[in-house]
Amino acid sequence: MSSLIDVENLTLQFRTDEGLVTAVDDVSFSLAKGEVIGLVGESGSGKSVTAKSLMHLNARNALYAPQSKITLYTDAGEVDVLSLRTARELNVVRGGAISMIFQEPMASFAPAITIGSQMVEQLQLHGDMSKAQARKISVEMLDRVGISDPHKRIDQFAFELSGGMRQRAMIAMALSTQPKLLIADEPTTALDVTIQAQVIDLMKDLVNEFHMGIIFITHDLGVVAQTADKVCVMYLGRMVEEGPVREVIRHPKHPYTRGLIQALPRLDDLDSPLTPVPGDIPSPLERPSGCVFHTRCQEILGDICKSALPHDTQLDATHRVACHLHDTKEVGA
Amino acid sequence: MSDDILISADRLTVGYPLGNSILRKSVLKAVNEVSVHIERGSFFGLVGESGSGKTTLGRALLKAAPITEGRAIYRDDEVEYDLSTLDGAELKDYRKRAQLIFQDPYAALSPRMTVRDIIAEPLEVMGLTASRQETDERVREIAAKCRLNLEHLRRFPHAFSGGQRQRISIARALVSGPKFVVADESVAALDVSIQADVLNLLKQLQSDLGLTFMFISHDLSVVAHTCDHVAVMYLGRLVESAPTRKLFAMPRHPYTRALFSAIPSLDPDDRGKAQKLEGEIPSPLNQPPGCKFHTRCPNAIDRCKREEPRLEDPGDGHEVSCHRWRELLETVPA
């Protein structure tokens, strides 16, 4: 499969009053066309910031380290995302080749403008088409995502739709420009389980139909197991484990991934106690030295975890982990 | 009612009047003739989608939503209150016996108050302590039980993570020494890694302080692990109610079964096996006739469209409200 986007050594800090805060630290991954990546981690792990970097959407106080590189492969050639500056250049990644769905659909639609006008507006911005054409495409998209009566719905406001319907409309809007990559930031977290199941089904159908790549950000490993091909687990800005979904969920190698899986309440075993990952994620202002996870790790080896950053260890062609338990390279001084 | 029941609701209805027209007065019944009995010292789970009326039922039992029909009795060792008529000094007394833990720990805590002041506020408002010293003592006591230390009490909420904030809201709810606590989606806003920690804490506090919990959640797997008894609501009605083990071993209502199969499985090879529920919960203003669930039920027959089933107890304490549950148990595997 050919690559759609490559992220290499992405390091991102925010300038704040309290000093430089590292949000993403040396993260690399790549996504092929038609592939679904699940980006997993607790709040504060840097998953949303990583995704937003792909669209250059982070706030102005964001500082990308010089070695960071994001390459998007489009039909027109390679695009170096982080070098884009003007609004016109950024249109390529913002709504052009990449679309994003946010967690809270009510907050993502303008409340006083109809769903239709918002869909038509972005279609006209990104494609050369008439209002009537754009409206026709919008109605088709609403129909495609399973909204009944799209001719009537298109002239309604976001508050007139239910939560599930709003998220469907959001997906329709994101897909109407035919992006190559869809970033879905916790798209089902605010929904009921029954509606979540419907939205997940819909997204799976759409991947097959439009053959686009999806980055699915979530803290729910169950959702990842049901949707993703590949999982990236993040903790405090670092990618701690990456691999095919079956591998990572069945044979997690990093203690943090194991902790996340054990913390899930399981329906097939009601007697097993719930085991939280102990402690809280540290503030990014007080990043632990060495392995960032050592303050909460149950399998800590000793001083090496507190002093040295673990290398990425490639367990096989597709599964890699950053943990001293698996570190086969000699740790340099 | 028997001695070990703390709260007993009988055909409880919460209705909200809608705009009056000259011809008729319409009433939105958010909770419709629900009967529940909550045992002392139990963890009573209430499950359903948004719009099913679970929060409204919880609030009615706290006397924070109007009970328009039916009755609810609260009885502990000291007092017995009829919640539908409770007011004045008795209502004030009930407030310290029944408390609520909110869903969002980010919205529930005032950013301008220290943690000590947040936890002490109920004591001061209700006038439960005689001196500042006594207040401090009680705050420290409950804070320690919720694993907050003295250092934490001096700080403001912004300095805390989601899990710590939820522990602060729990301390605040428990400081007045309630017997009955409604936890409304109290772990829904938390990460899974922290969720387990808060659930374990609630269990611990329940046994230490002899609390009775009503645990409202849309997450069946969380309920399965914490509750002793589970009631499932749909569109203001109770559709199934049973001890947790019985419910999870063999759910009887098609809605409960659908809720089960909608939980995303951790097994990547399970994809697409789930029985998916079509559509969404109908608006309470426009309720379907007959069984409220028939519009989405995969097993609905003509009878379901005409006749509303009643909640029945076949004698084993596993109540269900469905015309066809017996035949479905045999023909449709769970």
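Residues numbered from 1 in each chain as written. Chains lettered and ligands numbered in written order. Predicted model: local features only at pLDDT ≥ 70, side-chain atom pairs only at ≥ 80, totals over all residues. Heavy atoms only, no water.

Description of the sheet that holds strand β2 (residues 27-39) of chain B
Residues and elements named next belong to chain B.
Thinking step 1. Reading across the sheet, the 4 strands line up as β2-β1-β4-β5 and stay open at both edges, with antiparallel pairing between neighbours. Looking at the sheet topology across the chains shown, the edges are occupied by β2 and β5 (80-82). Taken over all neighbouring pairs, the strand axes of this sheet differ in orientation by 15° on average, direction set aside.
Thinking step 2. Relative to β5, strand β4 (residues 69-75) runs antiparallel, the two sharing 3 bridges. Paired with Y74 across the bridge in β5 is Y81.
Thinking step 3. Strands in contact with helix α1 (residues 54-61) are β1 (5-17), β2 and β4; relative to β1, the strand with the most contacts, it is inclined by about 115°.
Thinking step 4. In this fold helix α2 (residues 88-97) packs onto β1, β4 and β5, with an angle of close to 110° to the strand it touches most, β5. (Pairing = 2+ DSSP bridges. Helix = DSSP H or I, 4+ residues; strand = E, 2+ residues; numbered from the N terminus. Axes fitted to C-alpha atoms, helices over the stretch in contact; angles between N-to-C directions. Contact = heavy atoms within 4.5 Å.)

Digging into helix α6 (residues 131-144) of chain A
All names here are of chain A.
Thinking step 1. The first and last C-alpha atoms of α6 sit 20 Å apart over 14 residues, in line with the 20 Å expected at 1.5 Å per residue.
Thinking step 2. Residues of α6 that are buried include every one of A134, S138, V139, M141 and L142, and no others. Seen end-on, α6 carries its buried residues on one side only, within an arc spanning 165°. Counted as exposed and oriented over 90 degrees from the buried face of α6: A132 and K136. (Expected span 1.5 Å × (residues − 1). Buried < 20%, exposed > 50% of the residue type's maximum accessible area, 1.4 Å probe, protein only. Arc of directions from axis to C-beta.)

Some points on the packing of aromatic side chains
Thinking step 1. For the coordinates displayed, the defined rule picks out 13 aromatic pairs over all chains.
Thinking step 2. Seen in terms of ring centroids, Y234 of chain B and F293 of chain B are 5.0 Å apart; in terms of plane orientation they differ by 80°. Their pairing is edge-to-face. Highlighted residues: Y234 of chain B in strand β9 (residues 229-234) and F293 of chain B in the loop between α10 (254-262) and α11 (302-306), separated in sequence by 59 residues. For the pair formed by Y234 of chain B and F293 of chain B, the shared burial category is buried.
Thinking step 3. Ring pairing ties together the aromatic residues Y235, Y256 and F293 of chain A, which thus form one cluster. (Phe/Tyr/Trp six-rings, centres within 6.5 Å; stacked < 30°, edge-to-face > 60°.)

Overview of the nonpolar core
Thinking step 1. In terms of nonpolar packing, the biggest core is built from 65 residues, with I119, I170 and F215 of chain B touching the most fellow members.
Thinking step 2. Ranked by residue count, the leading element in this core is helix α7 (residues 192-209) of chain B, at 7 residues.
Thinking step 3. The residues contacting I170 of chain B, other than those within four sequence positions of it, are I101, C146, V198, L201, L202 and L205 of chain B.
Thinking step 4. Residues V40, I115, V233 and V277 of chain A belong to the second largest nonpolar core, which totals 60 residues. (Core = buried A, V, L, I, M, F, W, Y, C linked by side-chain atoms within 4.5 Å.)

Quick notes on the sheet that holds strand β7 (residues 180-184) of chain B
Adjacent strands of a sheet form backbone hydrogen bonds with each other and so pair up, either parallel or antiparallel.
All names here are of chain B.
Thinking step 1. Ordered in space as β6-β7-β8-β3-β9-β10-β11, the 7 strands form an open sheet in which the pairing is mixed. Either end of the sheet is taken by a strand with one partner, and the two such strands are β6 (98-101) and β11 (319-320).
Thinking step 2. Where β6 and β7 come together, 4 bridges link them in parallel fashion. In the strand pairing of β7, A98 is matched with F180.

Quick notes on helix α5 (residues 115-126) of chain A
Residue and element names in this part refer to chain A.
Thinking step 1. Helix length check: α5 (12 residues) gives 17 Å between terminal C-alpha atoms against 16 Å at 1.5 Å per residue, within 8%.
Thinking step 2. Inspection of α5 places I115, G116, Q118, M119, V120, Q122 and L123 among the buried residues, and these make up the whole buried set.
Thinking step 3. Tucked inside the fold, the buried residues of α5 contact α6, α7 (150-153) and α8 (163-175).

Comments concerning unusual backbone geometry
Most peptide bonds are trans, and most residues other than glycine sit at a negative phi.
Residues and elements named next belong to chain A.
Thinking step 1. A positive phi angle, near 60°, is found at D149, a position not held by glycine.
Thinking step 2. Within the secondary structure layout, D149 lies in the loop between α6 and α7.
Thinking step 3. You can call D149 partly exposed: its relative accessible area is 46%.
Thinking step 4. Unlike most non-glycine residues, L236 shows phi in positive territory, near 50°.
Thinking step 5. Inspection of the secondary structure puts L236 in the loop between β10 (230-235) and β11 (238-244).

Quick word on the packing of helix α3 (residues 115-126) of chain B against helix α4 (residues 132-145) of chain B
Residue and element names in this part refer to chain B.
Thinking step 1. At their nearest, the axes of α3 and α4 sit 10 Å apart, and the two run at 120° to each other. The angle between α3 and α4 falls in the class oblique. Where α3 crosses over α4, the two elements pack in a sense that is right-handed. Together, R116, I119, A120, L123 and E124 of α3 and R132, T135, D136, R138, V139 and I142 of α4 make up the contact between the two elements.
Thinking step 2. Residue composition of the contact of α3 with α4, by class: 5 nonpolar, 1 polar and 5 charged. (Parallel < 35°, antiparallel > 145°, perpendicular 65-115°, else oblique. Left-handed = near helix turned anticlockwise from the far one by under 90°. Nonpolar A, V, L, I, M, F, W, Y, C, P; charged D, E, K, R; others polar.)

Some words on the interface of chain B and chain A
Thinking step 1. Between chain B and chain A, the contact holds 41 residues from the first and 47 residues from the second.
Thinking step 2. Inspection of the region where chain B meets chain A yields 3 salt bridges.
Thinking step 3. Elements represented by at least two residues in the side of chain B that touches chain A include exactly α7, α8 (220-226), α9 (244-249) and α10 of chain B.
Thinking step 4. Top element by residues in the side of chain B that touches chain A is α7 of chain B. It accounts for 8 residues.
Thinking step 5. Here the side of chain B that touches chain A is composed, by residue class, of 17 nonpolar, 12 polar and 12 charged. (Salt bridge = Lys/Arg side-chain N within 4 Å of Asp/Glu carboxyl O.)

Some points on the pattern of salt bridges
A side chain with one charge can pair with a side chain of the opposite charge if their charged atoms come near.
Residue and element names in this part refer to chain B.
Thinking step 1. Under the defined criterion, the tally for this structure stands at 38 salt bridges over all chains.
Thinking step 2. Measuring nitrogen to oxygen at the nearest pair gives 2.9 Å for the salt bridge that ties R97 to E78. Taken together, the residues span a long stretch of sequence, with R97 in helix α2 and E78 in the loop between β4 and β5 at a distance of 19 residues.
Thinking step 3. Across the pair E307 and R303 runs a salt bridge, and its minimum N-O distance is 3.3 Å.
Thinking step 4. Relative accessible area serves as the criterion here: at 37%, E307 is assigned to the partly exposed category.
Thinking step 5. Within the structure, one salt-bridge network assembled from shared partners comprises D76, E78, D93, K96 and R97.

Brief notes about the side chain of R296 of chain A
Thinking step 1. Within the secondary structure, R296 of chain A is located in the loop between α12 (255-263) and α13 (303-307).
Thinking step 2. The class of R296 of chain A is buried, set by a relative accessible area of 3%.
Thinking step 3. At a separation of 3.0 Å, a polar atom in the side chain of R296 of chain A contacts the side chain of E42 of chain A.
Thinking step 4. Apart from residues lying up to four places away in sequence, R296 of chain A is in contact with E42, Y235, V277, P278, G279, D280 and I281 of chain A together with S193 and I194 of chain B. (Polar contact = N/O pair within 3.5 Å; in protein donor to acceptor, adjacent residues only side chain to side chain.)

Some words on the domain arrangement of chain A
Residues and elements named next belong to chain A.
Thinking step 1. Looking at chain A, the domain boundaries give domain 1 (3-97 + 179-322) and domain 2 (107-178).
Thinking step 2. On a C-alpha basis, the centres of domain 1 and domain 2 stand 29 Å from each other.
Thinking step 3. Across the contact, 19 residues belong to domain 1 and 13 residues belong to domain 2.
Thinking step 4. Together domain 1 and domain 2 conceal approximately 1400 Å² of surface at their shared face, both sides included; 66% is due to carbon and sulfur atoms.
Thinking step 5. Three residues, P179, L202 and F210, lead the burial of domain 1 against domain 2; their summed loss comes to 34% of the area buried on that side.
Thinking step 6. Connecting domain 1 to domain 2 are 1 salt bridge. (Domains from an automatic or database assignment. Buried area = accessible area lost by both parts, 1.4 Å probe.)

Section: the pairing of strand β6 (residues 77-80) of chain A
All names here are of chain A.
Thinking step 1. Where strand β5 (residues 69-74) lies against β6, 4 bridges are found, and the strand directions are antiparallel. Note on β6: the bridge partner recorded for L72 is V79.
Thinking step 2. In this antiparallel pair of consecutive strands, β5 and β6, the connection spans 2 residues.

Focus: the environment of H318 of chain B
Residue and element names in this part refer to chain B.
Thinking step 1. Inspection of the secondary structure puts H318 in the loop between α11 and β11.
Thinking step 2. Its relative accessible area of 2% is what places H318 among the buried residues.
Thinking step 3. Taking C-alpha positions, H318 is 22 Å from E307, a pair spaced 11 residues apart along the chain.
Thinking step 4. Look past the residues within four positions of H318 in its chain and what remains in contact with it is E240, S241, A242, K246, L247, M250, R252, E312 and D313.
Thinking step 5. A distance of 2.5 Å separates a polar atom in the side chain of H318 from a polar atom in the side chain of E240.

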